[in-house]
There are 2 protein chains.
Amino acid sequence: MTPPTPLHLSLAGQAVDVLREQVLTGEIPPGSRVNEVEVAQKLGISRGPLREAIRHLASEGLLTLVPHRGAFVPDASPEDVRALFELRTALECAAAELAASRRTDVDLVRLQEVCAESRRNYKAGQPFPYRLDLAFHRTLLDAARSPYISEQVQLVQQRVVLLRSALADDPPHQHASMDDHDELVRAIADGDAAKASEVMRRHLSRVCAQMLTSLTH
Amino acid sequence: MTPPTPLHLSLAGQAVDVLREQVLTGEIPPGSRVNEVEVAQKLGISRGPLREAIRHLASEGLLTLVPHRGAFVPDASPEDVRALFELRTALECAAAELAASRRTDVDLVRLQEVCAESRRNYKAGQPFPYRLDLAFHRTLLDAARSPYISEQVQLVQQRVVLLRSALADDPPHQHASMDDHDELVRAIADGDAAKASEVMRRHLSRVCAQMLTSLTH
DNA sequence: AACGTGTCAACTGTCGACAGTTGGCAGTTT
DNA sequence: AAACTGCCAACTGTCGACAGTTGACACGTT
């Protein structure tokens with residue numbers, strides 16, 4: 001049975017997890033407002049912890065606060081997407097460089113395994129799931145061994161997820177992404193930091209362009 | 001003529017400003033704990049808004065939260081400094097590249113003015129104030145015109161300020177920094193993104209090394 | 001009909017109080 | 001003396017209620 005009070009995670013922490021999920025999945029659609037009393041009742045907690053959770057998500061960029069008006073799920077303009085990808089590119093190119101110069105054999109195996117799984121899924125007729133794309137970028141981050149960069153990339157990727165509309169189902173794009181990933185792994189395997197950075201930049205440039213086109217349709 | 005935002009900032013917002021100042025100036029020393037009731041009384045507010053302020057500063061990296069124990073001002077290990085500068089380097093090198101490719105004549109004038117003021121101060125026997133260093137990096141950020149990158153750099157610089165111990169008063173270092181800044185401005189003026197990035201990387205590498213030595217003494 | 005004004009419900013901002021947890025201290029045991 | 005045990009004060013986590021602000025609607029005016 002559940003103890004009178006949750007022992008492991010604070011109510012605010014739980015609320016953060018639940019709300020983040022609802023925002024990222026679109027269950028709370030972009031542009032909509034988060035009503036404090038309503039959501040607090042729905043989660044079975046009071047407004048105090050919920051407010052802290054809302055502030056936390058706002059600091060992650062998943063909500064925007066308007067004084068005396070509340071919290072809103074941001075909907076992105078093309079300009080936002082471009083600016084956000086400039087940040088993502090800066091971070092992930094650096095991560096690719098660091099990964100190329102620091103990677104161990106274990107890192108390489110992991111990266112190759114993720115790429116191989118993507119290929120298997122693709123050849124089996126299944127679409128390249130976004131899950132595997134995230135897994136690849138995360139594995140690369142681990143290989144970079146730069147905790148602050150990793151932390152920031154995760155936050156940026158969350159915001160990208162918030163924006164991605166119909167990115168998932170474009171086969172040519174998926175194929176190109178997998179090729180990029182393979183090339184990236186080769187550069188990292190060679191310890192070629194400059195090339196790793198360049199391939200990452202090209203990859204993200206393509207992804208950004210893809211998002212922009214699928215955003216305007 | 002009242003702007004859409006009220007003249008009154010929320011108590012939580014005010015608390016954020018006061019606390020940030022106190023943390024950055026060392027008035028609340030690293031390693032110490034922030035007592036909620038005590039600080040709330042001192043600020044003349046209740047614990048609710050103060051808690052939100054504390055959470056906000058924690059999201060900026062100026063405080064670390066320990067469940068059921070409270071908020072602490074973090075004190076940095078050399079490893080932290082290195083990792084933090086990896087993040088700063090990634091962001092500011094990208095900003096330097098963007099600034100080189102996007103800078104206008106107005107941007108150039110502003111950058112040169114900051115450099116000139118630094119020289120004047122220095123030749124007048126005054127030390128190169130940290131204030132002017134911040135101003136230079138901020139002006140460069142404005143020239144990059146990438147809002148998300150700028151935002152993140154500001155946050156990282158705050159954390160660097162939190163760590164800087166006796167960085168200020170080393171004349172050789174100051175001189176080298178001013179030279180770096182001048183060279184950076186030249187690269188930006190030439191629109192040479194690759195060189196701007198490289199100079200920035202070297203500059204931050206030197207600053208990081210300086211901080212590490214002054215940290216262990 | 002369009003425009004300005006007064007009123008109001010809904011919601012956020014804030015507060016004081018209660019409940020649960022933590023680390024330390026005194027007392028006891030070996 | 002060292003280690004274990006039980007208690008306690010201090011603090012954080014949480015809650016319900018009050019106060020101030022906002023946006024909208026209805027009403028009256030031109």
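Further up the page is the structure itself.
Every value quoted in this text rests on a predicted model; they were computed, and no experiment measured them.

Cut-off values and rules
Residues numbered from 1 in each chain as written. Chains lettered and ligands numbered in written order. Predicted model: local features only at pLDDT ≥ 70, side-chain atom pairs only at ≥ 80, totals over all residues. Heavy atoms only, no water. Contact = heavy atoms within 4.5 Å. Buried area = accessible area lost by both parts, 1.4 Å probe. Salt bridge = Lys/Arg side-chain N within 4 Å of Asp/Glu carboxyl O. Polar contact = N/O pair within 3.5 Å; in protein donor to acceptor, adjacent residues only side chain to side chain. Helix = DSSP H or I, 4+ residues; strand = E, 2+ residues; numbered from the N terminus. Nonpolar A, V, L, I, M, F, W, Y, C, P; charged D, E, K, R; others polar. Buried < 20%, exposed > 50% of the residue type's maximum accessible area, 1.4 Å probe, protein only.

A word on the interface of chain B and chain A. The partner chain A presents 25 residues to the 25 residues of chain B that form the contact. Contact with chain A buries surface across chain B, with Glu52, Glu86 and Tyr148 of chain B losing the most and accounting together for 31% of the total. For the pair chain B and chain A, the number of links is eight salt bridges. Close ionic contact of Glu52 of chain B with Arg51 of chain A constitutes a salt bridge, the shortest N to O distance being 2.7 Å. In this structure, the connection of chain B to chain A is made through eight residue pairs in polar contact (both at pLDDT 80 or more). Of all the elements in the fold, those that place two or more residues in the side of chain B that touches chain A are helix 3 (47-59), helix 4 (78-102) and helix 7 (147-163) of chain B. By residue number, the principal contributor to the side of chain B that touches chain A is helix 4 of chain B, which donates eleven residues. Split by residue class, the side of chain B that touches chain A holds eleven nonpolar, three polar and eleven charged.

With that settled, consider the pattern of salt bridges. Counted according to the given criterion, the structure contains 38 salt bridges over all chains. Put simply, Glu113 of chain B and Arg120 of chain B hold a salt bridge, and the shortest N to O gap is 3.3 Å. Judged by relative accessible area, which is 38%, Glu113 of chain B ranks as partly exposed. Residue classification places Arg120 of chain B among the partly exposed positions, given a relative accessible area of 49%. Taking the shortest distance from any N to any O, the salt bridge between Arg119 of chain B and Asp179 of chain B comes out at 2.8 Å. Of the two residues, Arg119 of chain B sits in helix 5 (residues 105-123) while Asp179 of chain B sits in helix 8 (residues 171-189), which places them 60 residues apart along the sequence. Taking relative accessible area as the criterion, Arg119 of chain B reaches 22% and is therefore assigned partly exposed. In this structure, a network of salt bridges that share partners links the residues Glu36, Arg47, Arg51 and Arg55 of chain A together with Glu52 of chain B.

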